[in-house]
Amino acid sequence: MLIVILLWVYALVLSYLAGLAGIRFLTWRLKPVNFQFPALPLTCLVGLALISFGLQYFTFFTGIGAFVHLAVVALASIFTITNFRFLGQANQVYLARFSTISKPVFLLFFLTFSITLIRATDAPTNYDSGLYHLQAIKWLEQYPVVPGLGNLHGRLAFNSLWFLPSAFFSPAYAGLAPVSILNSFCFLLTMAFFLSGFIKTTGTRSFLGTLARLLLFGLIGLGIAGNSYSQLSSPGTDLLALLLIPLILVLALDTVEDWERGLSNLTTWVILVLSIFLVLGKLSTLPILFVPFYFLLRAYQPGFARLFLLVSGLTFWSLPYFVRNIILSGYLVYPFPGLDLFNFDWKIPLAEVISEKNWIESWARIPARDQAEVLSLPFGEWAQVWFTNQSVLNKFLLISLVALTVFHLARFLFSYSRKTTVLNSYRPFWYLYLVMYLSVIYWFQTAPDFRFGYGFLISLLILLILPVAKINPAFLSKIRLKPAFLLGLVTWQVLFLALTLVLRPLQDVLTVPYGPEVVALKSSVVREITVYFPATGDQCWNSAIPCTPYYRAGLGLRDGTLSSGFTAYCKASNCIVPPGAQPDIPDTSTWPHYLK
């Protein structure tokens, strides 16, 4: 626990300073009295995103180790010294806001903090963490971006931006066992933001934005949606989507309902930064980008200066991601075989890319069955099997979305025919409904695994609930729903914390969390480099690199070092062979023309 808390504090300080640096850049012409600072959790999340964008540049030259930490701390120190007055004003604003938190709300956050801390010390259980997450992070810690790393294991070329800060905020660079704290850190920040719905404000926050915060804390903060607590100790990307998509929705609701308030333009930039951060961390969330682009078009008048600032920011944040993709896989975006633009000797064979993409789609529909069989099934057949395989909670979520959609459609058509004022409940948010419905359709058509779609599904559910609540908002306040809801949340968290303490003895994790599983390994040697394979199963977990669960014929080193990368078209002396086998001379007749 002590290690987790120290890493949280380290992440909080650096993220806070980086977030303020971003705000300072966007508002350098304004005095703090002329704009409103974003909520503290938002500032820290934006700072984390900016740190992640910057870490991409370091990975072209070095692993994410002590040198990178010194560089980031040095930059944070320079900002603190050169913007000391601005920093002091921000601190005063946030301390003043902190003083407005009531004791029951603080108690609820403390209970959530305690549960999160305990669950953050669990051993990672995410299957993909053992399959490739931890291995990808180890490569980031020890080497610059490695050409053709995806040839060793295709999942290592997924290039999630999320793994960069996961490597940065892990104590492995100091010789300690790896600890994954980012999911728990972002979970606490997001829950703190949602809890702001219980805090009285000066009236700038929208009614729907407040209600959405409360509902989202109830769904996600209690671990009901997406089984969020089980993901806190793993470096997976699923929880990131579950947290940030609803958060972006809340910010969008605030902006739509009160476009003229002073925070609107700054909030638009917050939405943009978090959306790009999310998409680069998890490509399946791509439709969320439609939200900030729409608001940017509305918020800013056309002009060269604004356009230049926007294009420059997007280029700085995103360009390294695509360059890293090319180096890791040979493709601009992996695993999308349609974007086949380059011919490098480290390029992953096209057939392997297609197979990786097909496995993602087929496994999301019907897991553990042959991809060709699943993808050949007509929609009606695989959809029926897919629905049958879902949990009761997932089925209830789907049925609720369909029922609410039918209800609102009937209500909308009736109101339209009668020209009633009910239409006003939908008109300001038409674009958000459009984006969320298209996002759900995109999720269902590409990879309908619920862990990929919880963020969109929960956000759409909230959007469908809010118009019903707005029918008579005075009634909700009259029955004192908010205090009753707060009492219910506190009671739930007290019981959940008691259950957690009973099931998870704390004496073993007071200092260091449980580590990842240790697996038995087989090995093979090529050019004095040992390559590891799991003795059983397909998970390397935290094994020494290079480790791969699958042997591929033709796999080899591009040169005599790991930093030179991997190729699928090896020369005889560089070939990696299964343990105990003898290297064969490759058949070059099957090689692409640019390698002959």
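Conventions adopted
Residues numbered from 1 in each chain as written. Predicted model: local features only at pLDDT ≥ 70, side-chain atom pairs only at ≥ 80, totals over all residues. Heavy atoms only, no water. Helix = DSSP H or I, 4+ residues; strand = E, 2+ residues; numbered from the N terminus. Buried < 20%, exposed > 50% of the residue type's maximum accessible area, 1.4 Å probe, protein only. Contact = heavy atoms within 4.5 Å. Areas by Shrake-Rupley, 256 points an atom, 1.4 Å probe, with all protein chains shown as cover. Expected span 1.5 Å × (residues − 1). Core = buried A, V, L, I, M, F, W, Y, C linked by side-chain atoms within 4.5 Å. Salt bridge = Lys/Arg side-chain N within 4 Å of Asp/Glu carboxyl O. Axes fitted to C-alpha atoms, helices over the stretch in contact; angles between N-to-C directions. Parallel < 35°, antiparallel > 145°, perpendicular 65-115°, else oblique. Left-handed = near helix turned anticlockwise from the far one by under 90°. Nonpolar A, V, L, I, M, F, W, Y, C, P; charged D, E, K, R; others polar. Disulfide = S-S within 2.5 Å. Pairing = 2+ DSSP bridges.

Help me understand the overall build of the chain, please; the structure alone is not making it clear to me.
The number of helices and strands found in the chain is 22 helices and four strands. Scored against the burial criterion, the 596 residues of the chain give a buried share of 54%. Contacts in the chain between residues at least 24 apart in sequence constitute 72% of all its contacts with a sequence separation of at least 6. Element-wise, carbon and sulfur atoms account for 67% of the exposed surface of the chain, whose accessible area totals about 26,500 Å².

In this structure, what is going on with helix 15 (residues 350-365)? I would like to understand it.
Residues spaced three or four apart along an α-helix face the same direction, because each turn holds 3.6 residues. Taking 1.5 Å of rise per residue, the 16 residues of helix 15 would be expected to cover 22 Å, and the 23 Å separating its terminal C-alpha atoms lies within 8% of that figure. Listing the buried residues of helix 15 in full gives Val353, Glu356, Asn358, Glu361, Ser362, Ala364 and Arg365.

Help me out: how do you make sense of the side chain of Thr43 in this one?
Mapped onto the elements of the fold, Thr43 is located in helix 2 (residues 40-58). Accessibility expressed as a relative area gives 1% for Thr43, which makes it buried. If we skip the residues at most four places from it in the chain, Thr43 touches Ser15, Tyr16, Gly19, Leu20, Ile23, Pro38 and Tyr94.

I keep staring at the nonpolar core and nothing clicks. Help me out?
A general tendency of soluble globular proteins is for nonpolar side chains to be buried together. Membership of the largest hydrophobic core comes to 171 residues, with the highest contact counts inside it found for Leu20, Ile181 and Phe566. Among the elements that make up this core, the one with the highest residue count is helix 11 (residues 238-257) (15 residues).

Is there a simple way to explain the pattern of salt bridges in this structure?
Side-chain pairing between opposite charges can occur once the charged atoms of the two side chains come close. Taken as a whole and judged by the stated rule, the model has 12 salt bridges. Arg451 is the salt-bridge partner of Asp128, the closest N and O atoms lying 3.4 Å from each other. Here Asp128 is found in helix 6 (residues 127-142), whereas its partner Arg451 is found in helix 20 (residues 450-469), with 323 residues between them in sequence. Taking the relative accessible area as the measure of exposure, Asp128 reaches 12% and is therefore buried. Of the charged contacts in the structure, one is a salt bridge between Asp449 and Arg451, with a shortest N-O distance of 3.3 Å. For Arg451, a relative accessible area of 30% translates into the label partly exposed. Put simply, Asp128, Asp238, Lys282, Asp449 and Arg451 are held in one network by salt bridges that share partners.

I'm lost on the environment of Ala535 in this one. Help?
Mapped onto the fold, Ala535 is located in the loop between strand 2 (529-534) and strand 3 (556-557). Distance from Ala535 to Pro549, taken between C-alpha atoms, is 9.0 Å for residues 14 residues apart in sequence. Every residue in contact with Ala535, bar those within four places of it in the chain, is listed here: Ala520, Leu521 and Lys522.

I'm lost on the packing of helix 5 (residues 103-120) against helix 9 (residues 182-195) in this one. Help?
Geometrically, a packed helix pair is captured by the angle between its two axes and the distance between the axes. Where helix 5 meets helix 9, the axes come as close as 10 Å, and the angle between the chain directions of the two elements is 165°. What the angle tells us is that helix 5 and helix 9 run roughly antiparallel. Our pair here, helix 5 against helix 9, has a crossing hand that is right-handed. Between helix 5 and helix 9, the contacting residues are Val105, Leu108, Phe109, Thr112, Phe113, Thr116 and Ala120 on the first element and Ser184, Phe187, Leu188, Met191, Ala192 and Leu195 on the second. By residue class, the composition of the contact of helix 5 with helix 9 is 10 nonpolar, three polar and no charged.

Looking at this model, I keep getting lost on the state of the cysteines. Mind explaining?
The full count for this structure, using the stated rule, is two disulfides. Disulfide pairing is shown between Cys570 and Cys575; the S-S distance is 2.0 Å. Judged by the sign of its S-S torsion, about 85°, the bond between Cys570 and Cys575 is right-handed. The burial state of Cys570 is the same as that of Cys575; both residues are buried. If you count the bonded cysteines of the chain from the N-terminus, they pair up as 1-2, 3-4. The thiol of Cys44 is unpaired, and the distance to the nearest cysteine sulfur, on Cys186, comes to 10.0 Å. Take Cys44: its relative accessible area is 0%, and that puts it in the buried class.

What is the right way to look at the pairing of strand 1 (residues 521-526) in this model?
A regular strand carries its side chains on alternate faces of the sheet. Here strand 1 pairs with strand 2 via six bridges, running antiparallel. What sits directly across from Ser523, in strand 2, is Tyr532.

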